[in-house]
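Reading the structure
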Amino acid sequence: MIKKILIANRSEIACRIIRAAKEMGIKTVAVYSEIDKEALHVKLADESDLIGPAPANQSYLNQEILIETALKMGADAIHPGYGFLSENYEFNQKVRDAGLTYIAPNVEAMKLLGSKTSSRQTMIDAGVPVINGFQSDTASIDEFKSKAIEIGFPVLVKASAGGGGKGMRIVRSADEFEDAFNASSREAKSAFGDATVFVEKYVENPRHIEFQVAGDSHNNYIHLYERECSIQRRHQKVIEETPSTALTEELRKTMGAAAVEAIRAVNYDSVGTVEFLLDDDGKFYFLEVNTRIQVEHPITEMTTGIDLLKLQIDIANGKEMPYKQSDITQRGHSIECRVYAEDAEKDFIPTGGKVLYHRPPTGLGIRYDTGITTGSEISPYYDPIMSKIISYGSTREEAIERMKLALKETVILGVKTSMDFMYRVLCNENFIAGNTHTNFLDKNPEVFEDKCDNSELAALITTMINHKQETENEDTPLPWQIIGEWEIGATK
Amino acid sequence: MKLKRNNEIIEVDAKQMNGNLIGRVNDDELKVTILSSEENIVKLLYNNEIKEAVYIEDRDKYYVQIDGKQYIFGKVEDEEDVIAGVGESEDIENIVPPMPGTIIKVNVAVGDKVNEGDAVIVVEAMKMETNLYTRITGKVTKVNAKEGDRVDSDTVLVVIEKEEVENKE
């Protein structure tokens, strides 16, 4: 049985894992890079250890250091979180070789699902529908190009090694192919350390529907229903919800059964996610299996009532699945908004900076998973996610209204965030109607327009702050409490 | 007083009378009733709506969040600071990365002609490649970066000057 877990990750997911472990009576070890010394996950964990300089490849991606640290600190298990090494099967093997428990599926399943070619073939054999595509480790760019022409444009060029949209490009004609292919390959190399990319048919106007799944080492496999993650920017998810407005009970059953077959085919023994594209005709296609906990896992926890982190740790301990498929029910509606340090009005460019003031949202039906606190530095070295707001309601409308309140209540001063943008998405009539496709932002550009600009009001308030600074030494606590009159003029 | 936001100068006059704050921002009149206030937070009535503003000051900047949106203002000491701080005019554009990163590709060289909307440089930050575009049509007069360079967010990578500039003065 696991007694002490080293968390090979940072930010909000490290905090989430630490909390689950504490609840189970398991000790936790946080690791941190030189610039993360003051980070929230370090403060939350029972123990912590410095693992290297800020660049991820010298710290959070340094396999040897992570294993050495686990052994040194007396941990008997490693949890990889998401991103970083979470889907690296070689690390999975090395952790096990060192005599530690790795909180992830077995190496064979991870390796097979991590390769687009082998997972594709496995899914075809298991009767799960797939999209036409081409992958090769040895093919030249010209071969890829002629395959792309054969598949028919538009095609998608994607990194073989990981998800998250990194390294992904849509190519609409043969002329664009070479540039897109090279850029995709470079991004794949820098994000995952592996430049291999593949090409597949691009499904126009799809929805992104994924199924949360779980398997154990006793051949039990279940799904915990879907999540719709169609609101994406740069192919990365921004807002997720469950249930999806697009699934009928029948389609939900069919897709859920396909997701279970997908993991049964590889003897999957952890929690994971089977991703599908769903087109307008109700046809769905297997995309990939994410062999890790997902960023958006909380919305499934809210609607099924099951703690996925605890389930994942129990399974790693060799326990038998405590649930049968018929035990799992969906109740109510849940939405997640990812709060990134980025500028929605400038093509979602990462921002960064120091969090000068942080106020989390509260109230009925609100959950807040955060990696930041007042004083946190958002560095350019890592993914710009700061926190996640999760709302729950008995209906979709209630979940939306609660999320809108939470987005206004959450304050993160000092770092530009996408919260006002997400608020406008939640107010958009197509979103409210459930017309959500992965090209939602392209089709609804008005969500980028700020119709209620309060910059003048903000400027006026700034003059009050300024006045406050000037009068602070005169024993006047706040300028607007002064009886009488004061005046600030541009000419003074 | 004068504030700077998105390279624009904003002139603000304000006076308080009996709990009401009356202001002029550029040419617009604003009337605000202060309902309550505490450290960093002020509740107010504006255009018949109750709003909450959360604010903080840090070094040379003010941060104010209203309805989930953050407004950042720079302090303006005098006229010279305005020009130095902005660092560009309609005729000259300085291409600066949004945050520290690595140069992936430089698409232009000194003397090149560029058109509004051209991607002049590709920067990678937070594992994402970002194209930096020019907002003006003109000629590249300076290139301060090469592939592989690590750059800070205040580094001017490329300078572009409008073609008509040559005819002036």
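Residues numbered from 1 in each chain as written. Chains lettered and ligands numbered in written order. Predicted model: local features only at pLDDT ≥ 70, side-chain atom pairs only at ≥ 80, totals over all residues. Heavy atoms only, no water.

So, on to the overall build of chain B. Helix and strand content of chain B: 1 helix and 16 strands. Expressed as a percentage of its 169 residues, the buried residues of chain B come to 44%. Across chain B, every contact between residues at least 6 apart in sequence was considered, and the portion connecting residues at least 24 apart equals 43%. Entry remark: accessible area of chain B is about 9,000 Å², with carbon and sulfur atoms responsible for 42%. (Helix = DSSP H or I, 4+ residues; strand = E, 2+ residues; numbered from the N terminus. Buried < 20%, exposed > 50% of the residue type's maximum accessible area, 1.4 Å probe, protein only. Contact = heavy atoms within 4.5 Å. Areas by Shrake-Rupley, 256 points an atom, 1.4 Å probe, with all protein chains shown as cover.)

Once the domains are mapped, chain B shows domain 1 (2-80) and domain 2 (91-167). Taken over C-alpha atoms, the centre of domain 1 of chain B sits 34 Å from the centre of domain 2 of chain B. (Domains from an automatic or database assignment.)

Residues and elements named next belong to chain B. For Leu-21, the location among the structural elements is in strand β3 (residues 20-25). Assessed through its relative accessible area of 1%, Leu-21 is described here as buried. Taking the C-alpha atoms as reference points, Leu-21 and Leu-45, separated by 24 residues in sequence, lie 10 Å from one another.

Time to look at unusual backbone geometry. Residue and element names in this part refer to chain A. In this model, Phe-153 is joined to Pro-154 through a cis peptide bond whose omega is 0 degrees. Mapped onto the elements of the fold, Pro-154 is located in the loop between α7 (141-151) and β7 (155-159). Each neighbour pair has its own omega, and for Thr-242 with Pro-243 the value is -5 degrees, a cis peptide bond. Mapped onto the elements of the fold, Pro-243 is located in the loop between β12 (236-242) and α9 (249-264). The phi angle at Arg-234 is positive, at roughly 50 degrees, despite the residue not being glycine. Since its relative accessible area comes to 22%, Arg-234 is described here as partly exposed.

Moving on, we come to the side chain of Arg-402 of chain A. Residue and element names in this part refer to chain A. Inspection of the secondary structure assignment puts Arg-402 in helix α12 (residues 396-409). Among the residues examined, Arg-402 registers a relative accessible area of 18% and is labelled buried. Within the local environment of Arg-402, its side chain forms a polar contact with the backbone oxygen of Tyr-392, the two atoms lying 2.8 Å apart. Apart from the residues lying within four places of it in its own chain, the contact partners of Arg-402 are Leu-364, Gly-365, Ile-366, Ser-391, Tyr-392 and Gly-393. (Polar contact = N/O pair within 3.5 Å; in protein donor to acceptor, adjacent residues only side chain to side chain.)

All names here are of chain A. Per the stated rule, a full pass over the model turns up 48 salt bridges over all chains. In this structure, Glu-249 engages Arg-252 in a salt bridge whose closest nitrogen and oxygen atoms are separated by 2.6 Å. Of this pair, Glu-249 and Arg-252 are both found in helix α9, 3 residues apart, which corresponds to roughly one turn of the helix. Since its relative accessible area comes to 56%, Glu-249 is described here as exposed. Note that Arg-264 and Glu-261 form a salt bridge whose closest N and O atoms lie 3.4 Å from each other. With Arg-264 and Glu-261 both in helix α9 and 3 residues apart, this pair spans about one turn of that helix. Because the salt bridges share partners, they merge into one network encompassing Glu-210, Arg-227, Lys-237, Glu-240, Glu-275, Glu-296, Glu-336 and Arg-338. (Salt bridge = Lys/Arg side-chain N within 4 Å of Asp/Glu carboxyl O.)

Take helix α8 (residues 174-192) of chain A next. An ideal rise of 1.5 Å per residue puts 27 Å on 19 residues; α8 of chain A measures up with 27 Å between its terminal C-alpha atoms. All of the buried residues along α8 of chain A are Phe-177, Ala-180, Phe-181, Ala-183, Ser-184, Ser-185, Glu-187, Ala-188 and Ala-191 of chain A. Of the surrounding elements, those touching the buried residues of α8 of chain A are α7, β7, β8 (169-171) and β9 (197-201) of chain A together with β13 (128-133) of chain B. Phi turns positive, to about 75 degrees, at Gly-193 of chain A, one or two residues after α8 of chain A. (Expected span 1.5 Å × (residues − 1).)

A few words on the confidence of the model for chain B. Residues and elements named next belong to chain B. Taken over all residues, the pLDDT of chain B has a mean of 82, while the share at 70 or more is 88%. Contacts for the low-pLDDT stretch residues 80-88, under 50 throughout, to residues beyond four places or in other chains number 12 contacts. Here residues 165-169 is a poorly scored stretch, pLDDT under 50, and it has 3 contacts once near neighbours within four places are set aside; other chains count. (pLDDT = per-residue confidence, 0-100.)

On the chain B side, the residues contacting the 65 residues of chain A number 59 residues. In this assembly, chain A packs against chain B so that about 5,800 Å² is buried in total across both faces, 61% of it on carbon and sulfur atoms. The interface formed by chain A and chain B holds 5 salt bridges in total. Joining chain A to chain B, the criterion identifies 9 residue pairs in polar contact (both at pLDDT 80 or more). Those elements that provide at least two residues to the side of chain A that touches chain B are α8, β17 (349-350), β19 (357-359), α12, β23 (411-413), α13 (419-427), α16 (455-471) and β24 (485-488) of chain A. Ranked by residue count, the leading element in the side of chain A that touches chain B is α16 of chain A, at 14 residues. Here the side of chain A that touches chain B is composed, by residue class, of 32 nonpolar, 16 polar and 17 charged. (Buried area = accessible area lost by both parts, 1.4 Å probe. Nonpolar A, V, L, I, M, F, W, Y, C, P; charged D, E, K, R; others polar.)

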